[in-house]
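# Overview (structure and organization)
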Amino acid sequence: MNALNIKRGSTSHSAYDLRNRFEERLERHVLAVIVDNESGVLARVIGLFSGRGYNIESLTVAEIDHLGHRSRITIVTTGTPAVIEQIKAQLSRMVPVHDVHDLTVEGPSVERELALIKVAGTGEKRVEALRTADIFRAKVVDTTLESFVFEITGTSEKVDAFCDLMRPLGLVEVARTGVAAIARGV
Amino acid sequence: MSRPMTGAQIVIKALKDQGVDTIFGYPGGAVLPIYDEIFQQSDIRHILVRHEQGAVHAAEGYARSTGRPGVVLVTSGPGATNAITGMTDALMDSVPLVVLSGQVPTFMIGNDAFQEADTVGITRPCTKHNWLVRDTADLADIIHQAFHVATQGRPGPVLVDIPKDVQFATARYRAKTEARTGHYQPRRKGDPEAILAAVEALEQAERPLFYTGGGVINSGPEASALLRRFVDGTGFPITSTLMGLGAYPASGRSWIGMLGMHGTYEANWAMHDCDLMLAIGARFDDRITGRIDAFSPQSLKVQVDIDPSSINKNIHVDVPIVGDVATVLGEMVALWEERGRRTKSEAVAKWWETITKWQARNCLAYRPSETSIKPQYALERLEALTKGADRYITTEVGQHQMWAAQFLGFEEPNRWMTSGGLGTMGYGLPASIGVQIAHPEALVINVAGEASWLMNMQEMGTAVQYRLPVKQFILNNERLGMVRQWQELLHGERYSSSWSEALPDFVKLAEAFGCKGIRCENPADLDDAIREMLDYPGPVIFDCLVEKHENCFPMIPSGKAHNEMLLGEDATQGVIGKSGAVLV
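An account of the accompanying structure is given in this report.

## A few points about the overall build of chain B
When helices and strands are counted, chain B shows 24 helices and 20 strands. A compact globule built from 584 residues would reach a C-alpha radius of gyration of about 25 Å, and chain B, at 24 Å, matches this within 12%. Overall, the C-alpha framework of chain B stretches about 70 × 60 × 45 Å when taken along its three principal axes. For chain B, the proportion of its 584 residues judged to be buried stands at 62%. Residue pairs at least 24 apart in sequence account for 75% of intrachain contacts in chain B once pairs closer than 6 positions are excluded.

Structural data, given as structure tokens:
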């Protein structure tokens, strides 16, 4: 009936209704949002998520173009497909937002997170920590006789796994950057 | 290059450059330099309100009745916080506003200074965008950009927060034509492929329906003209949301009344049973859809909206078209006409037969009374006695608002100002002031309930000061009527705090304000009393004492579908189920 070939009369993609929401699968999406680097822009984006009840699993932001006053906000969010579409539409209509890229659907992409992990211990535990760090290609960036600070880069899962292994070996403190992501190729 | 000006001078110059003729505002410490500049010029008229909320609603009335942005000027701290309800109202109803607020000087920001509030922080979620101006050199650009953002795309309120030292400091002025307005350029033209799909769908439709909203009015008079051409050309029935009344004339042959929670029986049944829904500038609000999983189950849905986030928000749409209503309608009508103006006219004629049967239910009927004034009767008489006048209607929020939408007919766009999305009691009186300022010769009537009206009644002083002959038509049932109705339906007739005790004597109140008061309680006297109100050349407070326990019907109880609506004679006990009870 129509050129878009969309199913007729479907209301199954409703984002706000009285039906059982568990029927819809939650998806994890990584969004790259290019914004004007002006004061309050991060508050606007975060306010949108909290005000409309969307999830933020991770959020990173930094200026990427000093002369053009642009920042890149990388947001990892989860939601039903309809909610993800709403999030993108709501972000796109904000005045300081230039572009919203859904890296999860726009093709292959690379995701990385950096973490600094402090582990305290002596003797065999200390040796085991160093050995594990080597396997994970984590670098030692600080050391004392009783402690290490490791720097690890990778996917969030890799950082999680490393932290899990460090816990019995004397994990003291973790600092994570959140996810930065970029599309593969040009 | 022009010579340097102070920030305050730049503000006034930029407003003039933008064609502003009226500011609604209230002075205070942090905006004194701007008020000083207002004093020294005569191109822009400042209307002194009695409360900042009134200023914003007045600016909304001005904007909605003219299509031009309304301008508000308030001071820092409480001036700005008092304006928040109005800005939220304008955001929900897509009203273009530019709100200028004073701020403590930049070097005191963050020090909890006197009358300091984090205005940009507080207003971030209730504006389309806002700015804190830290440098006078940016001021002109920002004000021009503010007008651009407020009026382009889906209109809305913006706020510019101007610290006092920025108002005193000097910089060179940049004119509107030289200003940097940023990259914000919403799309206006529709996707041709989607427009083709919509036209193909309407050529094949057997039970089509136009469902139009405030977006048609916001798009400008051309959008209404195109809509009329399209509706009359196709012969399809048309219904509208509360916000869209007047885009298609109430006297038009395809008009089947407003839809939604208190819409007509025929409009809601047509929504439920149609096979093609043409949603134009309407956003599938919960007052419209009722129960979502039972919403218009058989229809193919086409939606035209300038705001991409309005599409697929509540209801899945089959053919989304992002664009300006007038632009897209122009493209759509042209394509349909070019393809030979085809419709399935036999099927549509049958569809009209069904609709005519629904219309025969006469859903707006009420039981007349000879002893008390029925609110519906009061509005029927108001309609009859003002028909043909150059008339603008504002309302407050509640039962009277729904009755006004049901019983008054709107023939033209921009004639109906009501708080739809936010439902702000206290909107109507200040809005009527803004409308009357913009249209000094017109008949401006605020259809009010006594409880709503009291919320911003201080603005009567503004009406008297500026000799604005606004008519305050108060349907006084001494109740918070809509609350009372819901308590009757939902809470076992336990009327918790829903009556108006210790009401003022409205006639004496009118005298105290220096205007005219009229009271009417007998249906036999009503026509004469309304004529007296209309004939009086100044502002009038009309205290119309109406039936106290009248309910507003038809009604779709919350959590129910369009085809489960209640009519006046239906039983009302226990109609809202458990899942509906949590909804508002």
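## A closer look at the packing of aromatic side chains
Residue and element names in this part refer to chain B. Applying the stated criterion across every chain yields a total of 17 aromatic pairs over all chains. Aromatic side chains Phe 284 and Phe 295 sit 5.8 Å apart centroid to centroid with 85° between the ring planes, which places their arrangement in the edge-to-face category. Remark: Phe 295 occurs in the loop between helix H13 (286–289) and strand S13 (300–305) and Phe 284 occurs in the loop between strand S12 (276–280) and H13; sequence separation between them is 11 residues. Each member of the pair, Phe 284 as well as Phe 295, carries the same accessibility label: buried.

## With respect to the packing of helix H3 (residues 123–135) of chain A against helix H4 (residues 156–166) of chain A
All names here are of chain A. Running from N to C, H3 and H4 point in directions that differ by 165°, and their axes come no closer than 10 Å. As far as their axial angle goes, H4 and H3 are roughly antiparallel. Of the two elements, H3 crosses H4, and the hand of that crossing is right-handed. Every residue of H4 that contacts H3 at Ala 129, Thr 132 and Ala 133 is listed here: Phe 162, Leu 165 and Met 166. When the residues that make up the contact of H3 with H4 are grouped by side-chain class, the tally is 5 nonpolar, 1 polar and no charged.

## Details of the pattern of salt bridges
Enumeration over the complete set of coordinates arrives at 40 salt bridges over all chains. For Asp 43 of chain B, the salt bridge goes to Lys 16 of chain B, with nearest N and O atoms at 3.6 Å. With Asp 43 of chain B in the loop between helix H2 (32–39) and strand S3 (45–48) and Lys 16 of chain B in helix H1 (residues 7–17), this pair connects stretches of sequence that are 27 residues apart. Assessed through its relative accessible area of 52%, Asp 43 of chain B is described here as exposed. Residue Lys 344 of chain B pairs with Glu 206 of chain B through a salt bridge whose shortest N-O separation is 3.4 Å. Taken together, the residues Lys 344 of chain B in the loop between helix H14 (325–338) and helix H15 (345–359) and Glu 206 of chain B in the loop between helix H9 (192–204) and strand S9 (208–212) connect sequence positions 138 residues apart. Here Lys 344 of chain B falls in the partly exposed class, since its relative accessible area comes to 33%. Assessed through its relative accessible area of 33%, Glu 206 of chain B is described here as partly exposed. Here the salt bridges do not stand alone but share partners, grouping Glu 85, Lys 88 and Asp 102 of chain A into one network.

What counts and how
- In this convention, every chain numbers its residues from 1, walking through the sequence in written order.
- Going through the entries in the order they are written, you letter the chains from A and number the ligands from 1.
- Under the rules for a predicted model, residues below a pLDDT of 70 receive no local features and side-chain atom pairs below 80 are neither given nor counted, while totals for whole chains, interfaces and linings still include all residues.
- Just so you know, side-chain values use all the structure's heavy atoms and leave hydrogens and water out.
- Each helix is a run of H or I in the DSSP string that is no shorter than four residues. Each strand is a run of E no shorter than two, and both are numbered from the N terminus.
- Each radius of gyration is computed over the set of C-alpha atoms, and the globule rule expresses the reference value as 2.2 Å times the number of residues to the power 0.38.
- A 1.4 Å probe rolled over the protein chains alone gives each residue an accessible area, and that area as a share of the maximum for its type sets the label: buried under 20%, exposed over 50%, partly exposed in between.
- By definition in these notes, contact holds between two residues if any of their heavy atoms fall within 4.5 Å.
- Aromatic rings from Phe, Tyr and Trp, with only the six-membered ring used for Trp, were paired whenever their centres fell within 6.5 Å, and each pair was classed as stacked if the ring planes differed by under 30 degrees, edge-to-face if by over 60, and tilted otherwise.
- To get an axis, a line is fitted to the C-alpha atoms, and for a helix only the part in contact is used. The angle between two axes follows their N-to-C directions and goes from 0 to 180 degrees.
- The cut-offs work like this: below 35 degrees is roughly parallel, past 145 is roughly antiparallel, 65 to 115 is roughly perpendicular, and the gaps in between are oblique.
- Rotating anticlockwise by less than a right angle from the far helix to the near helix defines a left-handed crossing, while the corresponding clockwise rotation defines a right-handed one.
- Polar here means any residue outside two lists: the nonpolar Ala, Val, Leu, Ile, Met, Phe, Trp, Tyr, Cys and Pro, and the charged Asp, Glu, Lys and Arg; Gly therefore counts as polar.
- A pair is scored as a salt bridge if a Lys or Arg side-chain nitrogen falls within 4 Å of a carboxyl oxygen belonging to Asp or Glu.

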